[in-house]
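This is what each chain is made of:
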Protein chains: 2
Amino acid sequence: MSLRYALLALLRVGPQSGYDLQKKFDTSVGHLWHAPDSQIYPELRKMEAEGLIEAEEQVRGERGTRRMYHVTPTGDAEYLAWMNGPLSYARVREPASLKAAYLEAATPEAARAFLEQHIAHWRGELEQWEAELERIDARATPMLVDRLAVTPEADRDRVVAFKRLGYENLVGRARAEIAWAERGLELLDRFSG
Amino acid sequence: MSLRYALLALLRVGPQSGYDLQKKFDTSVGHLWHAPDSQIYPELRKMEAEGLIEAEEQVRGERGTRRMYHVTPTGDAEYLAWMNGPLSYARVREPASLKAAYLEAATPEAARAFLEQHIAHWRGELEQWEAELERIDARATPMLVDRLAVTPEADRDRVVAFKRLGYENLVGRARAEIAWAERGLELLDRFSG
DNA sequence: TTACACATGTAACTTGTTACATGATTCA
DNA sequence: TGAATCATGTAACAAGTTACATGTGTAA
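For every chain, the first residue of its written sequence is number 1, and the numbers climb from 1 along that sequence. All chains are assigned letters beginning with A, and all ligands numbers beginning with 1, in the order in which they are written. Thresholds applied to this predicted model are a pLDDT of at least 70 for local features of residues and 80 or more for the giving and counting of side-chain atom pairs; totals over whole chains, interfaces and linings are not thresholded and use all residues. The side-chain figures draw on all heavy atoms in the structure; neither hydrogens nor water molecules are used.

Colleague: Talk me through the overall build of chain A; I want residue IDs and the actual numbers.
Modeller: Each helix corresponds to a stretch of at least 4 residues labelled H or I by DSSP, and each strand to a stretch of at least 2 residues labelled E; elements are numbered beginning at the N terminus. Scanning chain A from terminus to terminus reveals 8 helices and 3 strands. Listed N to C, the secondary structure of chain A is α-β-α-α-β-β-α-α-α-α-α in terms of helices and strands. Projected onto its principal axes, the C-alpha positions of chain A cover 70 × 40 × 35 Å. With 193 residues in all, chain A has 50% of them scored as buried. For chain A, contacts bridging at least 24 residues in sequence account for 59% of all contacts bridging at least 6. What sets the accessible areas is the Shrake-Rupley method with a 1.4 Å probe; for residues, cover comes only from the shown protein chains. Carbon and sulfur atoms form 50% of the exposed surface of chain A, whose accessible area is close to 9,200 Å². In this charge count, Lys and Arg are treated as positive and Asp and Glu as negative; neither His nor the chain ends contribute. Where a charge lies is defined by one atom per residue type: Lys uses NZ, Arg uses CZ, Asp uses CG and Glu uses CD. Considering chain A, the positive charge centre built from 26 side chains and the negative charge centre built from 31 side chains are found 2 Å apart. Each residue gets one of three labels from its accessible area relative to the maximum for its type: buried under 20%, exposed over 50%, partly exposed in between, using a 1.4 Å probe on protein chains only. Any two residues having at least one pair of non-hydrogen atoms within 4.5 Å are treated as being in contact.

As structure tokens, this is what we get:
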């Protein structure tokens, strides 16, 4: 759904191969929108078929080829249409809330383990996102460096500020999940104590 | 993924037809795990084929039939295994964060509209969930009444408390999203002002 | 010559979305 | 007799998951 926009965002910085995109994905836009490697190549082919991107085949050695993709005007327009149009929201699907709402069916130990794992999970995410925020402030992530290089100086602060805003949402989400699970643990204490 | 557990949670209260489940879904467990009507019947058939539930066909009038499903011991064991086992977390896919991180590509008006719609969206969800929390506290939701009726009195407070916990997570999420988007609007003000 | 990075995928499956299709029963 | 509710689905598609498959270039 949003995968193509994540890829277009990366490609708008400059031409790249599927391999380049795949390598960069997890350490950049993949923080916000995960996609496995196996999804990227087919999506690029699909985008090419729809005229959003074009490939230039480069010869590597005697038989190998590399497809360097770049964004077409159509792709650029599609990206801007997504950016300027309304976002469609996915319906709520929260397995952790679902489980919590019926937690009386779990053993007290399992209930505790569930909330502790929830905290551990979101602490792990939080650490990564906070580290990324620090790198953004230092303007030190590889993708951001490349992006700022193709951005007029007057716009650079905005680019950095919006990137920060995106990650701040994730950080807020993680903190809310952790605070909630901690309240859940207190609830368990009240019932067992 | 979690749909079958949502359905098992409803069916553990007592036997119900696909139609019953479909009608109740949106106003109960569907708040936590959405599923369209068209997904429920096939999932019930799949669960039946796997032995988690069984149907008793009831004759309606001269030709019509109704399939009343109930949970089998296998289904009960599967439900408890899900409840007592670790939850698997979906990878992060946050279209709003993705869009925010590249919001410099949007026009200032579109950026503002995006954040305002984000607030409106989550306020809508928040209202529903807070209303549901009030009904839970009053022990007034139809499903909760049915569930409490089949719950030993000593366990009823726990049932209500966990149901509350599940919805509190959603409320926390919605509040975090709203607070974030409001900070985003302030950011826009700083850049336009 | 071997290991590692470069490079591009496919296949089978599950889950979820959107729109449609059909008929029975009951009550005003 | 017509509308609302009861009742059960299918079909086509889109998106995501998991595991696998294949080969090249380069530098130690």
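Colleague: Provide a residue-level description of the sheet that holds strand β3 (residues 64-71) of chain A, including the pertinent values.
Modeller: Residues and elements named next belong to chain A. At least two bridges found by DSSP between two strands are what make those strands a pair. Spatial ordering of the open sheet is given by β1-β3-β2, a layout of 3 strands whose pairing is antiparallel. With partners counted over all chains shown, the strands left at the sheet margins are β1 (16-17) and β2 (53-60), one partner each. With 2 bridges joining them, β1 and β3 adopt antiparallel strand pairing. Directly across from Gln-16, in β3, lies its bridge partner Tyr-69. Lying on the sheet, helix α1 (residues 3-11) is in contact with β1, β2 and β3; it crosses β3 at an angle near 95°. Only the stretch in contact is used when a helix axis is fitted, and all axes are lines through C-alpha atoms; the angle between N-to-C directions ranges over 0 to 180 degrees.

Colleague: Which residues make up the relation of the copies chain A and chain B, and what values go with them?
Modeller: After a rotation of 180° and a shift along the axis of 0.0 Å, chain A superposes on chain B with an RMSD of 0.0 Å. Here the symmetry operator amounts to a two-fold rotation axis. Most of the interface of chain A is mirrored in chain B, where 100% of its interface residues are also at the interface. Residues below a pLDDT of 70 in either copy are left out; the C-alpha atoms of the rest, at least 70 in both, set the least-squares superposition of the copies.

Colleague: Outline the nonpolar core, supporting the account with residue identities and numerical values.
Modeller: Nine residue types can take part in a nonpolar core, namely buried Ala, Val, Leu, Ile, Met, Phe, Trp, Tyr and Cys, and a core is a set of them joined through side-chain atoms within 4.5 Å. By size, the foremost hydrophobic cluster in this structure holds 125 residues, and its most contacted members are Phe25(A) and Phe25(B). Beyond its immediate sequence surroundings of up to four residues, Phe25(A) is in contact with Leu3(A), Ala6(A), Leu7(A), Leu10(A), Gly30(A), His31(A), Trp33(A), His34(A), Ala35(A) and Ile40(A).

Colleague: Give a description of the protein's contact with DNA strand D that names residues and reports values.
Modeller: Nearness is judged by heavy atoms alone; a residue qualifies as near a molecule or strand once a single heavy atom is within 4 Å of it. Near DNA strand D lie 23 residues; those nearest to it are Ser38(A), Gly61(A), Arg45(B), Arg67(B) and Arg93(B). In DNA strand D, atoms within 4 Å of the protein come from the sugar-phosphate backbone in 68% of cases. Side-chain atoms alone can form a polar contact between residues adjacent in sequence; in general such a contact is a pair of N or O atoms within 3.5 Å, and within protein one must be able to donate a hydrogen while the other accepts it. Ser38(A) places a side-chain nitrogen or oxygen 2.7 Å from a base oxygen of DNA strand D. Contributing elements (two or more residues each) for the surface near DNA strand D: α3 (37-49) of chain A together with α2 (18-25), α3 (37-49) and β3 (64-71) of chain B.

Colleague: I'd love a proper account of the side chain of His31(B), names of residues and values included.
Modeller: With respect to the helices and strands, the residue His31(B) is situated in the loop between α2 and α3. On the basis of relative accessibility, which here comes to 11%, the residue His31(B) falls in the buried class.

Colleague: Can you lay out the packing of aromatic side chains for me, pointing to particular residues and giving the numbers?
Modeller: Pairing of aromatic rings covers Phe, Tyr and Trp, the last counted by its six-membered ring, and requires centre-to-centre distances within 6.5 Å; plane angles under 30 degrees mean stacked, over 60 mean edge-to-face, and any other angle means tilted. All chains considered together, the criterion is met by 6 aromatic pairs over all chains. Centre to centre, the rings of Phe191(A) and Phe162(B) are 6.2 Å apart; their planes meet at 40°, and the pair counts as tilted. Of this pair, Phe191(A) sits in helix α8 (residues 153-192) while Phe162(B) is found in helix α8 (residues 156-192), placing the two residues in two different chains. Assessed through its relative accessible area of 1%, Phe162(B) is described here as buried. Ring geometry for Tyr5(B) versus Trp82(B): centroids 4.7 Å apart, planes at 5°, classification stacked. In this pair, Tyr5(B) is assigned in helix α1 (residues 3-11) and Trp82(B) in helix α4 (residues 73-84), connecting sequence segments 77 residues apart. Like Trp82(B), Tyr5(B) is buried. In our convention, an over-ring charge means Lys NZ or Arg CZ found within 6 Å of a ring centre and within 35 degrees of that ring's normal. Over the ring of Trp82(B) we find Lys99(A), and its NZ or CZ is 6.0 Å from the ring centre.

Colleague: Tell me about the environment of Ser192(B), residues and numbers included.
Modeller: With respect to the helices and strands, the residue Ser192(B) is situated in helix α8. The class for Ser192(B) is exposed, based on a relative accessible area of 57%.

Colleague: For the layout of surface pockets, give the residues involved together with the corresponding values.
Modeller: Computed over the protein atoms alone on a 1 Å grid, cavities are sets of points where a 1.4 Å probe fits but cannot get out and pockets are open sets with protein on both sides within 12 Å along at least five of seven lines; a residue lines them when it has an atom within 4 Å of a point. Grid points are joined across faces, edges and corners, and a volume is the space filled by probe spheres set on the points. Of the voids in this model, the largest pocket is the one considered here, and its volume is about 870 Å³. In this structure, the largest pocket is lined by 40 residues; those nearest its centre are Arg93(A), Glu94(A), Arg93(B), Glu94(B) and Arg173(B). Elements supplying a minimum of two residues to the lining of the largest pocket: α5 (95-101), α6 (108-137) and α8 of chain A together with α5 (95-101), α6 (108-137) and α8 of chain B. Gly is placed with the polar residues, together with every amino acid not listed as nonpolar (Ala, Val, Leu, Ile, Met, Phe, Trp, Tyr, Cys and Pro) or charged (Asp, Glu, Lys and Arg). Residues of the lining of the largest pocket, tallied by class, amount to 22 nonpolar, 6 polar and 12 charged.

Colleague: Tell me what's going on with the sheet that holds strand β1 (residues 16-17) of chain B, and back it up with residues and numbers.
Modeller: Within a sheet, adjacent strands bond to each other through the backbone by hydrogen bonds, running parallel or antiparallel. Residue and element names in this part refer to chain B. Read from one edge of the open sheet, 3 strands run β1-β3-β2, paired in antiparallel fashion. This sheet does not close on itself; its edge strands, each paired only once, are β1 and β2 (53-60). Bridge analysis of β2 against β3 gives 8 bridges, and the strand direction is antiparallel. Each residue of the ladder has a partner; that of Gln-58, found in β3, is Arg-66.

Colleague: Residue-level account of the environment of Leu7(B), with values.
Modeller: Along the chain, the position of Leu7(B) falls in helix α1. Those residues in contact with Leu7(B), other than ones at most four positions away along the chain, are Leu21(B), Phe25(B), Ile40(B), Glu43(B), Leu44(B) and Met47(B).

Colleague: Account for the domain arrangement of chain A, naming residues and giving values.
Modeller: Residue and element names in this part refer to chain A. An automatic or database domain assignment supplies the residue ranges for each domain. Taken as a whole, chain A is organised into domain 1 (3-84) and domain 2 (95-192). The gap between the C-alpha centroids of domain 1 and domain 2 is 27 Å. Between domain 1 and domain 2, the contact holds 8 residues from the first and 10 residues from the second. Both sides of the domain 1 and domain 2 interface together cover about 820 Å² of buried area, and 64% of this is carbon and sulfur. Buried area is a sum: the accessible area each of two parts loses on coming together, probed at 1.4 Å, counted once for each and added. When residues of domain 1 are sorted by the area they lose upon contact with domain 2, Val-13, His-31 and Leu-32 head the list and together hold 67% of the total. Salt bridges are defined as contacts in which a side-chain nitrogen from Lys or Arg sits within 4 Å of a carboxyl oxygen from Asp or Glu. On inspection of domain 1 and its partner domain 2, the count reaches 0 salt bridges. Put simply, domain 1 and domain 2 have 3 residue pairs in polar contact (both at pLDDT 80 or more) between them.

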